[in-house]
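Here is how the chains run, residue by residue.
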Amino acid sequence: MTSIQRQWNHLFMFWKWKRRVDVCLYPGAGFYCRKVSSTAVESDATEIHKSKLFLWFSHLPQEEKQFGGYFSPETMHVDPLILERKPEEKAGLLISPLKIQASPSHSVTIEQLFERKEDRREDRGLNVLLYGAVGTGKSTIVRKLVLDWCAGTTLTDFKLLIPFSCEDLGELTNVASLRDLVSRKYLHLKNNPLLSGEGNQAKDVLFLFNGMEKMKLDFRIGSTELCSDPNEPLPAGAVVVNLLRKYLLSEASVLVTTRLSALDRIPPKYVSRYAQICGFNDPNRQRAYFTSRLLQQSGEIVPARDAQALVELLYLNLQRESQLAAACFLPSYCWLTCATLHFLHFTDATAPICTLTGIYTSFLRLNFGGEVLGKATAASGPSQDLQSSLMLYVVRTVGKLAYEGVTYKRTSFSEEELEQWIGGKTKTDEELRQLAVFRTDVLDFFLAPCVESCKHLPTELCEHDERRYVFAVPAMQEYLAALYVVLGENKSALEKLTKQVSVAIGQATEDVSAIVNIFSKFIPLRIFAVFNLLKLFPKLYDKISTRNKGNIARTMAAELFRKEDSYNEDVLDQVEQSLLGVHGPPSKQQSESQPFELYPIFMGGLLHYGNRVLLQQLGCSIQSATVAQITRALRKYLVREINKPQPPEELMDLLVLLYEFQNPRLTAEVLASIRSIRLHNIRMTSLKCFVLSSVLSCAPPSYQLEELDLSSCLLTRDMLHTLSPAFRHTRNLKLCDNPLLDSGACLLLEALPENQSLRNLSLMHTGLGDQGAIELAERLQQHSGLQELNVAYNNIGDNAALALVDVCREHPSIHTVHLYLNPLSDVGKQSLYVRGIPKSLNGSGRRVRVLAAVTEGSDLSEDWHPILSVIRENASSWDRDRVKQQLKVFLRDLEWGRQQQQSLWKKLHFRRVEKGIRQTLHMLEKDTAPPSA
C-alpha cells in the first residue's frame, strides 16, 4: 500500500468517526442516534490519533522538497545497525560509531527491544534508551517508527504511541500535569482512559521522548518530587523523571533517544535496555540507501539505466574502502552524497534553482538546526557564550582547523593538531564541559580517521607512525573554511581589539554628547574637539572593516584563478570524482597537493540571501552590509582577472562561482567584460549547461558574445535544450566534435531563430546526415546575418550537399561553406565547385566558397591550406581510419591534377601540397594508439 493510499484510508476513518459523532449530536434532525460505548470512543480517538500522527510525520522538510519531491519516508528508509548494549558497556562506548566493529548477531530492531523477558515484571513497563552520535539517524528512526505504528506494521502491542520533542518540553516554563502535556499537543487524547492511571490500562501506552539531551533531568529526590497522579501539575522535566522512575503510570513503556554525551543523565537503575545506533556499518546498507533514493530521483530527467549505472559506480567506490565509505557510515553523509549526485546529474532546465553551497548549508541545518552547546544554569549564571549555537562553536573550532588546512594546503591532521586547534586555550570549567560534550557528540561527525594509503601524504608525515584525521568529505573542509572567513572569524587580534574599543567608545560618546549638548552654551568651542576625536574612532574601525572585506574578495579572486590549479579539472568534475572515485591510473596532478578550488566558490555562495537565511537559523549571522562590501570589492578583482586569458577549466569555475552567488547584478557587471567563452574539451553535463544558461540569462538583451566555443564537450540533444537561452547571446557558435546527430541539429535550429546576430556556425563532426543538412538548408533564411557555415566531417551525401550550397548561394550574406571530409563523390565535389560560381546570365547570385576538397577539377583549390590546418588540428581526436582514408583520396586527386598540368610551377605547387598531406598521413600511421578520451 502506498503512502498516499494510507493517508486516504486514515482520512476516511476520521470522516467516519466525525460523521458518527455528528449523528449523535443532532438527534432532533431525524437521524438515528445510537449509544456509543467507551470502548468505541477510545477506538475512534486512537484512529484519529493515528491519522494525525501519520500526516504530521509524513511531512518532508524543505531540504527534501528541493530535490523534486520524489521521496516518501517509507520508500527511502533503510534501517541502520542497532546494537543492544549492557549497562556496563555503555560507559566505554563514547566513541564514533565509525569505529564500532560488531557481530551482526547482536543487531536488533526497535520492536525487539520491547519484547518482555521472563524476568520482567508484568506491572512495570520498559524504559529503552536509544543513543547515538550526531548523524547516525535517531530522528529518522523515530519518524519511521511512528509511521509504521500508524500503519499497524510495528509495535502493535501498544494501543497508544505518544511522541514528544524534548526540545519543546525543555522550553516550557509553566507547570502542567501529564494529561495536560498530552492534551496540549494531542487534543483528541484529552480524556483518553489509558492515561487516567486507573488499573493497568497504561500498559498499552508507549511514550517517546526524542532528544533527551535538550532537557535538564534531575533524578535527585530533593530536586524532583515524587508524583503518581497524571493530573498533578509539575514542571515538564519532573513529569518525564517520574515516568522513568516508574512512579507515574508504572505500566507504561518509555523510549528515549539521546546523544552520547547525555547517557549518564538517566541513572542505570531506571533503564531497562540500552541500544546504540551505529549507522550503516557495511556497503550493502549504504547501497540500499543510495538505490532507494537515486533510482526514485531519476524519473524522466535521467533514464533508469543511467541512474543504475551511477549507483554501480558509487557502490564500486564504497567497496574499495575509500574515505567516502568511512563517511557514509553516518546516514547523514549518505543523504549529502545523494543530494550532491542529484545536483550533479539530475539538474535540468525545469528544476528549481539549487546550488552546491545551498546543499551543504541545508545539510548542516538538518543536523544542527536549533542546537546549542549548553544552557546557563542557576549556579553558573546567565551567559551569552553558554547560549551560543552549536554551529557557531563548530565554525570557531573545526572551521578554524579547516581554514588553516586550506591556507597551508593540507587535508590531514594529527591528534596533536586537533588538540591545538579544537581544544584551544580553554580555562573555565564550563568551557571544559562544553569541549567535552563537543568532542563526544560532534567532532567525529566532521573528522574521521584517514583510511587512504600513506602514499597520498607528504613524505615527512609518513615517517611518523601516527593516526591522521581528515574531514569526512573533502568539500566539507572547504565549506567550513569559507564560512570561517565570511563570518569574520579570521580577524587579526588588532582588528578584534579595534572593534571592541570602537563599540565601547561609540557608546560612551553617545552618552557624553547628550550631556555636552545641554551645556554647549557654557563650554568653549575648543573642548568639542576632544569629543569629535572620540567620534572619529568608530569611523576608523569602519574603514578597517571595509578593508578586511576587500581582503576577503581579493582572497576569493586569488584562490579562484590560482596559476598552479589551472590544469586541474573543473570543480564540478572534482566533486563528482570525490564521490564516484577515479577510474584508471591517477594523473600526475592527482598525486600532488590537493587543490582547494571549491573554497572561493563556497565563499561566494555563502553570500547568497537564501543561504544567509539558513545560516541565521543556525546562529551564524552574515550582515547585509558585509555582503555589499565584499560584492563591491569582488567585482573589481573578477573583472581584472577575466581580462587575462583563462584556461577552459578556470573559466568554468568562474561560471560556477557566479551561479553559486545568485546575484544577477554582479553577474551582469562581470559578463560585461567577457567577450568570448571558450569551454572546448570541458566535459559538459546537464548541470554545467544549466549553469552556463543561468549565468548568461543575467545579461541584458543587448549583450553579445563574440564567440561561444563548446567544441568536444560531449553535448547531447537534451543538453542543447538546456543551452537554448545561451545561444541567443553569441555571434560565433562552435559545436564541433559533439554527437548531436540529425535530431540534435534539428533541436538546435529551433532554438537559433532567437539569435539574429549569428555570423558563424560550426557543426563540424557532429554526426549530421542528409536529413539534418536538408533541415539546415530550409532554415538558413531565418538567419539573414549568417556569413560562414561549417558542416565538414559529417555524413552528408552529394544531393544534400548540393541542396545546401544552392540555398547558401541565394542567401544574402553567406560566403563560405565547409563540406570537406564528407562522403562526397568526385562528381559531387566538381558539381559543388561549379554551383559555388555565380550565375552569369542575368548577373544574379553570388560567389560562395565551397571547401570540399584540396582540388577543384584539375586545379589546386585556393582553400587547401585551411582544410589541411583543420585536419591536422583535430586528427588526434577524430576517427583515424576515416581521416587516413580521406587523406588518401586527397593524394589521389592531387596526383591526377598534377598529371593534367603543363605548367612546371603548378606541378611544383601540387608537390608541395602532397608533401604536407603525406606528412600528416605518416604521423597518423606511426601513432597507432587510440586517441585519449
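Preceding this paragraph is the structure being described.
From a predicted model like this one, the values you see are computed outputs, not experimental measurements. (Residues numbered from 1 in each chain as written. Predicted model: local features only at pLDDT ≥ 70, side-chain atom pairs only at ≥ 80, totals over all residues. Heavy atoms only, no water.)

Q: Looking at this structure, I do not really get the pattern of salt bridges. What am I missing?
A: Once the charged atoms of two side chains with opposite charge are near each other, the side chains can pair. A complete count under the given rule lists 29 salt bridges for this structure. We note a salt bridge from Arg 259 to Glu 213, for which the minimum N-O separation is 3.9 Å. Taken together, the residues span a long stretch of sequence, with Arg 259 in the loop between β5 (253–258) and β6 (273–277) and Glu 213 in the loop between β4 (205–210) and α8 (236–245) at a distance of 46 residues. Here Arg 259 matches Glu 213 in class, with each residue buried. Glu 775 is paired through a salt bridge with Arg 779; the nearest N and O atoms lie 3.8 Å apart. (Salt bridge = Lys/Arg side-chain N within 4 Å of Asp/Glu carboxyl O. Helix = DSSP H or I, 4+ residues; strand = E, 2+ residues; numbered from the N terminus. Buried < 20%, exposed > 50% of the residue type's maximum accessible area, 1.4 Å probe, protein only.)

Q: How should I be thinking about the packing of aromatic side chains in this particular structure?
A: The relation between two aromatic rings is expressed through the spacing of the ring centres and the mutual angle of the planes. Tallying each qualifying case throughout the model produces 22 aromatic pairs. Centroid distance Phe 363 to Phe 445: 5.7 Å. Interplanar angle 15°. Geometry classified as stacked. A residue pair is termed long-range when its members are at least 10 positions apart, and Phe 363 in helix α13 (residues 356–368) and Phe 445 in helix α16 (residues 429–446) qualify at 82 residues. For the residue pair Phe 363 and Phe 445, the accessibility class agrees, reading buried in each case. A ring pair is formed by Tyr 403 and Tyr 484, whose centres lie 5.4 Å apart and whose planes are at 35°; its orientation type is tilted. (Phe/Tyr/Trp six-rings, centres within 6.5 Å; stacked < 30°, edge-to-face > 60°.)

Q: Would you mind going over a nonpolar patch on the surface with me for this structure?
A: On the surface, a nonpolar cluster with roughly 300 Å² of combined accessible area is contributed by Ile 221, Leu 226 and Tyr 247. Residue position: Leu 226 is located in the loop between β4 and α8. (Patch = residues over 30% accessible without salt bridge, like charges linked within 9 Å, V, L, I, M, F, W, Y side chains within 5 Å. Areas by Shrake-Rupley, 256 points an atom, 1.4 Å probe, with all protein chains shown as cover.)

Q: I tried to follow unusual backbone geometry on my own but got confused; where do I start?
A: The general pattern is negative phi for most residues beyond glycine and trans for most peptide bonds. At Gln 662, a position not held by glycine, the phi torsion is positive, near 55°. Locating Gln 662 in the fold gives a position in the loop between α26 (648–661) and α27 (664–671). According to the relative accessible area criterion, Gln 662 is partly exposed, its value standing at 26%. With phi around 55°, His 765 is a residue other than glycine that occupies positive phi space.

Q: Would you mind going over the layout of surface pockets with me for this structure?
A: Think of a ball as big as a water molecule: rolled over the atoms, this probe shows where empty space is left. Its boundaries defined by the atoms lining it, the second largest pocket holds a volume of some 1,600 Å³. Lining the second largest pocket are 50 residues, with Ser 139, Thr 140, Arg 143, Asn 210 and Leu 366 positioned closest to its centre. Listed by contribution, the elements that provide at least two residues to the lining of the second largest pocket are α2 (38–58), α5 (138–151), β3 (160–165), α6 (166–171), β4, α9 (283–298), α12 (331–345) and α13. Here the lining of the second largest pocket gets seven residues from one element, more than from any other, and that element is α5. Grouping the constituent residues of the lining of the second largest pocket by class yields 21 nonpolar, 16 polar and 13 charged. (1 Å grid on protein atoms, 1.4 Å probe; cavity = no way out; pocket = protein on both sides within 12 Å on 5 of 7 lines; lining within 4 Å. Points joined across faces, edges and corners; volume = space filled by probe spheres on them. Nonpolar A, V, L, I, M, F, W, Y, C, P; charged D, E, K, R; others polar.)

Q: Where do I start with the state of the cysteines in this structure?
A: What we call a disulfide is simply a covalent bond connecting the sulfur atoms of a pair of cysteines. Taken as a whole and assessed by the stated rule, the structure comprises zero disulfides. With no disulfide of its own, Cys 713 has Cys 689 as its nearest cysteine by sulfur position, at a separation of 8.2 Å. You can call Cys 713 buried: its relative accessible area is 0%. (Disulfide = S-S within 2.5 Å.)

Q: What is the right way to look at the sheet that holds strand β7 (residues 412–414) in this model?
A: Strands belonging to one sheet form pairs held by backbone hydrogen bonds; the direction of such a pair is parallel or antiparallel. Taking strand neighbours across the sheet as the criterion, the three strands line up as β7-β9-β8 in an open arrangement whose pairing is antiparallel. The open sheet has two free edges, formed respectively by β7 and β8 (447–449), since each of these has just one partner strand. Ignoring which end each strand starts from, the neighbouring axes of this sheet average 40° apart. One ladder, built from three bridges, connects β7 with strand β9 (residues 468–471); its direction is antiparallel. Its bridge partner being in β9, Phe 413 is matched across the sheet by Tyr 469. On top of the sheet, helix α15 (residues 415–423) reaches β7, β8 and β9; it is set at about 90° to β7, its chief contact. Along the sheet, α16 makes contact with β8 and β9, crossing β8 at roughly 75°. (Pairing = 2+ DSSP bridges. Axes fitted to C-alpha atoms, helices over the stretch in contact; angles between N-to-C directions. Contact = heavy atoms within 4.5 Å.)

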